[in-house]
Number of protein chains: 2
Amino acid sequence: MPKIVDHEKRRKQIAKATWKVILEQGMEGATVRNIAQEAGLSLGALRYYFSTQDELFVYAMKLVKANAAERINKIIASELPPFDKVMAILLEVVPIDPETMAEMEVWFAYVFYTRHKEDVLAAKKDEIFKGMRSLLLYLQQQQVLLAELDIEMETERLYALIDGLALHVLLESQRMDKERIVKVIQYHMEKICIDGVLVEGE
Amino acid sequence: MPKIVDHEKRRKQIAKATWKVILEQGMEGATVRNIAQEAGLSLGALRYYFSTQDELFVYAMKLVKANAAERINKIIASELPPFDKVMAILLEVVPIDPETMAEMEVWFAYVFYTRHKEDVLAAKKDEIFKGMRSLLLYLQQQQVLLAELDIEMETERLYALIDGLALHVLLESQRMDKERIVKVIQYHMEKICIDGVLVEGE
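Criteria and thresholds
- Residues numbered from 1 in each chain as written.
- Chains lettered and ligands numbered in written order.
- Predicted model: local features only at pLDDT ≥ 70, side-chain atom pairs only at ≥ 80, totals over all residues.
- Heavy atoms only, no water.
- Least-squares fit on C-alpha atoms with pLDDT ≥ 70 in both.
- Contact = heavy atoms within 4.5 Å.
- UniProt positions renumbered as here; feature names shortened; annotations may be inferred.
- Helix = DSSP H or I, 4+ residues; strand = E, 2+ residues; numbered from the N terminus.
- Expected span 1.5 Å × (residues − 1).
- Buried < 20%, exposed > 50% of the residue type's maximum accessible area, 1.4 Å probe, protein only.
- Polar contact = N/O pair within 3.5 Å; in protein donor to acceptor, adjacent residues only side chain to side chain.
- Buried area = accessible area lost by both parts, 1.4 Å probe.
- Salt bridge = Lys/Arg side-chain N within 4 Å of Asp/Glu carboxyl O.
- Nonpolar A, V, L, I, M, F, W, Y, C, P; charged D, E, K, R; others polar.

Student: It is not clear to me how the relation of the copies chain B and chain A should be interpreted in this structure. Could you clarify?
Tutor: For the pair of chain copies, the relating transformation is a rotation about an axis with a translation along it. Screw-axis analysis of chain B against chain A gives a translation of 0.0 Å along the axis, an RMSD of 0.0 Å, and a rotation angle of 180°. Taken together, these values place the two copies in the relation of a two-fold axis. The fraction of interface residues of chain B whose copies in chain A are also interface residues reaches 100%, indicating that both copies meet through the same surface.

This is the structure we're talking about:
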């Protein structure tokens, strides 16, 4: 069924054009017209694949999430020791390369945009909170996490740290480069884990 | 010179109308027309006080900063013990009441908006980083901070935590209410300070 494959391929291409427009012009520039132009399609052709702008946004954001999930699942399936595994997953969530930086910027722009359209488009932000808790529970179960910690508070702390760093790498990239972001996350994780389970250097 | 006072008063009134429009409609709704309407002014009258939209935005954001600085200076001048003083200042930075929540939302919207206008409007984000470092150095000088900490890393960690929490209180207010935000910040500060200097619960 080559038709269906092509259809999905074309939708992905439009989603990528959407990201590009958001990155270059912000959400306020992400009009259907600009996206069609970026994708090299007529307005009518774009409407064939996505009947509304919101439908296109929802799809583009699902793709961001699916890409991140795919990378994380590969790490989960890997043979890395627990501390290294969690570090690797956190570094997939915080943007440290151009591709994930673009994803994160689009994601933030989208989340702010949907603030005022709560019902229709609200992103499930709760998922990341739960993901952070799972990482900490995994470290606890592997006897890598310090004993006296409050998991609920540690989850809030890790989640806020990760989102705050993501924000800073986007907005204050002069100070917050890749090397520094890795160092801060590692510093935090070392503070909540027992000695002797740490990864070496970067 | 009542004329000048009135002029400044009117500019503040317009700035407040700007915040209100941003809060309700996002940056994309913050057109000169909408702001004039909210302020109960004609377009011409608004242009008399601010000749461009960017000039108005810059002024409105300066007012956000001035308000926060005034509240923080009052705390610095107070007789609070060091740990309590720093806690009180951090709780002025993170939005925990409707007024500061509005300020923070407007601030984030503005910061994202100016991403694509770096030269003209770029907010001085570096100031908050330096402010966080000052708080930690103050705690260190007062012998309240744990001895073995890396101040540079702790500054990044505290700054990311605060901005991450601010983001979550705006976007995930169902989980992250005022009580919880105080608890997370206190939890973090207790982890980096020596015992016996802590404020009693909230």
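Student: Teacher, can you tell me more about the UniProt feature "DNA-binding region" (unreviewed entry) in chain A here?
Tutor: The positions that UniProt labels "DNA-binding region" (unreviewed entry) are, in the present scheme, residues 31-50 of chain A. Taken end to end, residues 31-50 of chain A is 75% helix and 0% strand, and its two terminal C-alpha atoms sit 13 Å from one another.

Student: How should helix α9 (residues 151-171) of chain B be read in this particular structure?
Tutor: Spacing of three or four residues puts side chains on the same side of an α-helix, whose turn is 3.6 residues. Residues and elements named next belong to chain B. Along its 21 residues, α9 runs 30 Å from first to last C-alpha, staying within 8% of the 30 Å computed at 1.5 Å per residue. Among the 21 residues in α9, 20 count as buried, and that is most of the element. By the N-cap criterion, in which a side-chain oxygen at the helix start approaches the backbone nitrogen of a residue two or three places on, α9 is capped by D150, the distance to E152 being 3.0 Å.

Student: What's the story with the interface of chain B and chain A in this structure? I'm lost.
Tutor: Bring the parts together and some accessible area is lost; that lost area is often taken as the interface size. If you look at the interface, chain B gives 43 residues, while chain A gives 43 residues. Of the roughly 4000 Å² buried between chain B and chain A, counting both surfaces, carbon and sulfur atoms make up 61%. Along the contact surface separating chain B from chain A lie six salt bridges. For R180 of chain B, the salt bridge is made with E156 of chain A, and the minimal N-O distance between the two is 2.6 Å. Linking chain B with chain A are 16 residue pairs in polar contact (both at pLDDT 80 or more), by the criterion used here. At the level of secondary structure, the elements contributing two or more residues to the side of chain B that touches chain A comprise α1 (2-25), α6 (98-114), α8 (126-141), α9 and α10 (178-192) of chain B. At 15 residues, α9 of chain B tops the list of elements feeding residues into the side of chain B that touches chain A. Residues of the side of chain B that touches chain A, tallied by class, amount to 19 nonpolar, six polar and 18 charged.

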